[in-house]
Amino acid sequence: MTDIIKLTVVLTLTGVVAALLIAFTNSKTEAKIRDQAIQAQTSALESIMTPGATITEVVGTTENGLPPQYWTGVNGSDTSYAFKTGSFGYSSTIVYLVCVSSDGTIQGMSILEQNETPGLGTRVQEIISNKYLWNGLFSKKEESSPWFTEQFKGVNIFKPVTIEKSSGEWHKMDKESREKLLQNNGVTAITGATISTRAVVSGIESQAKKYLNAIKGNGL
Amino acid sequence: MGNIAGLIGISIGAVLINNFVLSRFIGLCPFFGVSKKLSSATGMGMAVIFVMGLASSFTWLINSFILQPYHVEYLQTIVFILVIAALVQLVEMALQKYSPSLYEALGIYLPLITTNCAVLGVAIINTGLNQFTGAPFTFIESVVNGIMSGIGFMFALILMAGIREKLELADVPELLDGLPIVFITAGLMALAFLGFSGLNFFS
Amino acid sequence: MIKENLKRGIFSENPIFVLLLGLCPSLAVSTSLVNGIGMGLAATFVLTCSNVIISMIKRLIPDKVRIPCYIVVIATFVTIVQLLMKAYLPALDKQLGIFVPLIVVNCIILGRAEAYASKNNVFKSFIDGIAIGLGFTVSLSVLSIIREVLGSNKLFGLKVIPSFNPMAVFILAPGGFFTIALVMMLIRYYSNRKKV
């Protein structure tokens, strides 16, 4: 009998101490974890909006198909809108910010969250570098954005977006064929990750279009 | 019960497309440890299916009715592993008392299951989003996911054990003999399972 | 003693290639070197802390509830690592995903607690934790380098071999199994040669 009490006391004490330790760590890191997400979103927003635009956050109601939250960037007489949308890819929800001008042309895109297959779907965030390990590691980091989202610039969301699979990936194309691709309102697929590519495109075609229409329809 | 198609989707996903062992890399230790003989592979597989089904239902209930309402999701890991450890002990004791024959068959594998990452893995996956609906798992979905992931595990384990029994008789080059050839076999199986990855039911 | 311990952790008792422990995380996260090192260091932290705590409290715990107590200690440190990673290394945390909480069931950690920390003093357990943890990190890095170079021809986002067309299969699941078989073969080849 005393044995049972002793065992119970020891286990309970271990559990209580453990829970207290975790709760303490949580209280120290909670604010920081929340900050991280907001910070990532803000810097992504700044990178996709026209440089110099004044960004205002609009927390709307979800009535009339409006997004729960969106951003407007005013630069002189031009206004662009940015929304956060997500669509399910191969193994995760791909969450991204997309910035469009009022005629529906995509000005910039940035992927915030994804957990796709390493080596295939994760390449939606791949940054191509032409530097080699032995001379690039300690030199200054070059600033460049992922090619997959870069190719969406200039695509119009009011027209159907075509996915080009046969011409190879965008980063390997020359300027001429990139222009040709854009005339067809097309983007290239990631080799071996067609599902992830299609998810991003269909998210833009359905959700972004709906949001932009709703904002314009409400006279904003 | 309106969503039978969704449940079938989860089942095929768990057994073939996202097979725990061959494409998610979860539960590898028993996959290599207990696959020498077909009979022990079957026993281990059954025990894992049983515990995974139970663990999925218990952890789902605890997560939805205790952890989430009180906003203590950060205790998830510690609570889940304790629930699984306790559950395995209870199952072991219950089997020993009420079904000695079943205990005889599964008993020796049960202690191994506490530290089998497949069980904790499915519990954590069930707290995320359902791949097919994009919404959180419902109770039935998570139980089906648990059992089906267990079946996927057993499927891979039995295939492996069958191949390994034949491998014993084969003349393998010295450098590859033993574990390396088993890993290569597993790699070829994973390659075959990669073929399922294009399956898409709902579009 | 420290040197001996390190040698043991990295070579003769290497957790992945010799003892075959902790296979799940080592195959799943070795798709890139950054992930591999991150996982290795996270596991080293948990292993060292839990080794120290367990060797401290080993006399207070009755034998019957030994394993549950060890699991609680390990799970506590895993959760702490998880929270710290979410706060300070969010990108890495997302990449490692489910394998951070799964450190709890990494057989290496419970194995060391049971086989070493419960029998040795605090200092020795601390050294053992670091040594085995480093062995795990080094093996993970070896796997990751092979897989990332062959599979995407990149390390730290930079190209490695000029005009080499990467074979994506090495990043995918089958490649993980092939790579581990390859490394085991190489180890066997060299240890056989030494004997002769």
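A. Up close: the overall build of chain C. What chain C contains, in helices and strands, is 8 helices and 2 strands. Radius of gyration (C-alpha) of chain C: 18 Å, near the 16 Å computed for a compact globule of 196 residues. For chain C, the spread of C-alpha atoms along the three principal axes comes to 60 × 50 × 25 Å. Going through the 196 residues of chain C one by one, you find that 59% of them count as buried. Across chain C, every contact between residues at least 6 apart in sequence was considered, and the portion connecting residues at least 24 apart equals 72%. As displayed, chain C offers around 8000 Å² of accessible surface, 70% of which is attributable to carbon and sulfur atoms. Of the side chains in chain C, 19 bear a positive and 7 a negative charge, and the two mean positions are spaced by 5 Å.

B. Just the interface of chain B and chain C, in detail. Tallying the contact residues gives 36 residues for chain B and 36 residues for chain C. The junction of chain B with chain C conceals about 3200 Å² of combined surface from both sides, 85% of it contributed by carbon and sulfur atoms. It is Phe25, Leu175 and Phe183 of chain B in chain B that bury the most area against chain C; as a group they hold 23% of the surface buried on that side. Between chain B and chain C we count 0 salt bridges in total. Linking chain B with chain C are 5 residue pairs in polar contact (both at pLDDT 80 or more). Among the elements of the structure, helix H2 (28-33), helix H4 (76-98), helix H7 (117-125) and helix H9 (179-194) of chain B are those that each provide at least two residues to the side of chain B that touches chain C. The greatest single-element share of the side of chain B that touches chain C, amounting to 10 residues, is contributed by H9 of chain B. A per-class count over the side of chain B that touches chain C returns 26 nonpolar, 7 polar and 3 charged.

C. Structural view of the domain arrangement of chain A. Residue and element names in this part refer to chain A. In terms of domain boundaries, chain A breaks down into domain 1 (1-48) and domain 2 (49-215). Of note, the centres of domain 1 and domain 2, computed from C-alpha atoms alone, are 35 Å apart. Opposite the 7 residues of domain 1 that make contact, domain 2 presents 15 residues. Between domain 1 and domain 2 the total buried area reaches about 810 Å² when both faces are included, carbon and sulfur atoms providing 68% of it. At the junction of domain 1 with domain 2, the criterion picks out 0 salt bridges.

D. Molecular detail of the environment of Leu159 of chain B. Residues and elements named next belong to chain B. Inspection of the secondary structure puts Leu159 in helix H8 (residues 139-167). Accessibility expressed as a relative area gives 34% for Leu159, which makes it partly exposed. As a C-alpha pair, Leu159 and Ser40 span 119 residues in sequence and 13 Å in three-dimensional space. Non-local contacts of Leu159, meaning those with residues more than four positions away in its chain, are made with Met189 and Phe193.

E. Focus on the state of the cysteines. If you walk through the whole model with that rule in mind, you get 0 disulfides over all chains. Here Cys29 of chain B is not disulfide-linked; the sulfur of Cys107 of chain C is the nearest cysteine sulfur, at 3.2 Å. Unpaired in this structure, Cys117 of chain B has its nearest cysteine sulfur neighbour in Cys24 of chain C, at a distance of 3.1 Å.

F. Structural detail: the packing of aromatic side chains. Evaluation of the coordinates by the stated rule reveals 13 aromatic pairs over all chains. Taking the centre distance of 6.2 Å and the plane angle of 65° together, the rings of Phe32 of chain B and Phe177 of chain C count as edge-to-face. Taken as a pair, Phe32 of chain B in helix H2 and Phe177 of chain C in helix H8 (residues 173-195) lie in two separate chains rather than in one. Exposure class is identical for Phe32 of chain B and Phe177 of chain C. Each is buried. The structure contains a cluster of three or more aromatic residues connected by ring pairs, namely Phe25, Phe31, Phe32 and Phe183 of chain B together with Phe177 of chain C. Across the ring face of Trp170 of chain A, the terminal group of Arg178 of chain A is positioned such that the distance to the ring centre comes to 3.9 Å.

Each value, and the rule that gives it
Residues numbered from 1 in each chain as written. Chains lettered and ligands numbered in written order. Predicted model: local features only at pLDDT ≥ 70, side-chain atom pairs only at ≥ 80, totals over all residues. Heavy atoms only, no water. Helix = DSSP H or I, 4+ residues; strand = E, 2+ residues; numbered from the N terminus. Rg over C-alpha atoms; globule rule 2.2 N^0.38 Å. Buried < 20%, exposed > 50% of the residue type's maximum accessible area, 1.4 Å probe, protein only. Contact = heavy atoms within 4.5 Å. Areas by Shrake-Rupley, 256 points an atom, 1.4 Å probe, with all protein chains shown as cover. Lys, Arg positive; Asp, Glu negative; His and termini not counted. Charge placed at Lys NZ, Arg CZ, Asp CG, Glu CD. Buried area = accessible area lost by both parts, 1.4 Å probe. Salt bridge = Lys/Arg side-chain N within 4 Å of Asp/Glu carboxyl O. Polar contact = N/O pair within 3.5 Å; in protein donor to acceptor, adjacent residues only side chain to side chain. Nonpolar A, V, L, I, M, F, W, Y, C, P; charged D, E, K, R; others polar. Domains from an automatic or database assignment. Disulfide = S-S within 2.5 Å. Phe/Tyr/Trp six-rings, centres within 6.5 Å; stacked < 30°, edge-to-face > 60°. Lys NZ or Arg CZ within 6 Å of the ring centre and 35° of its normal.

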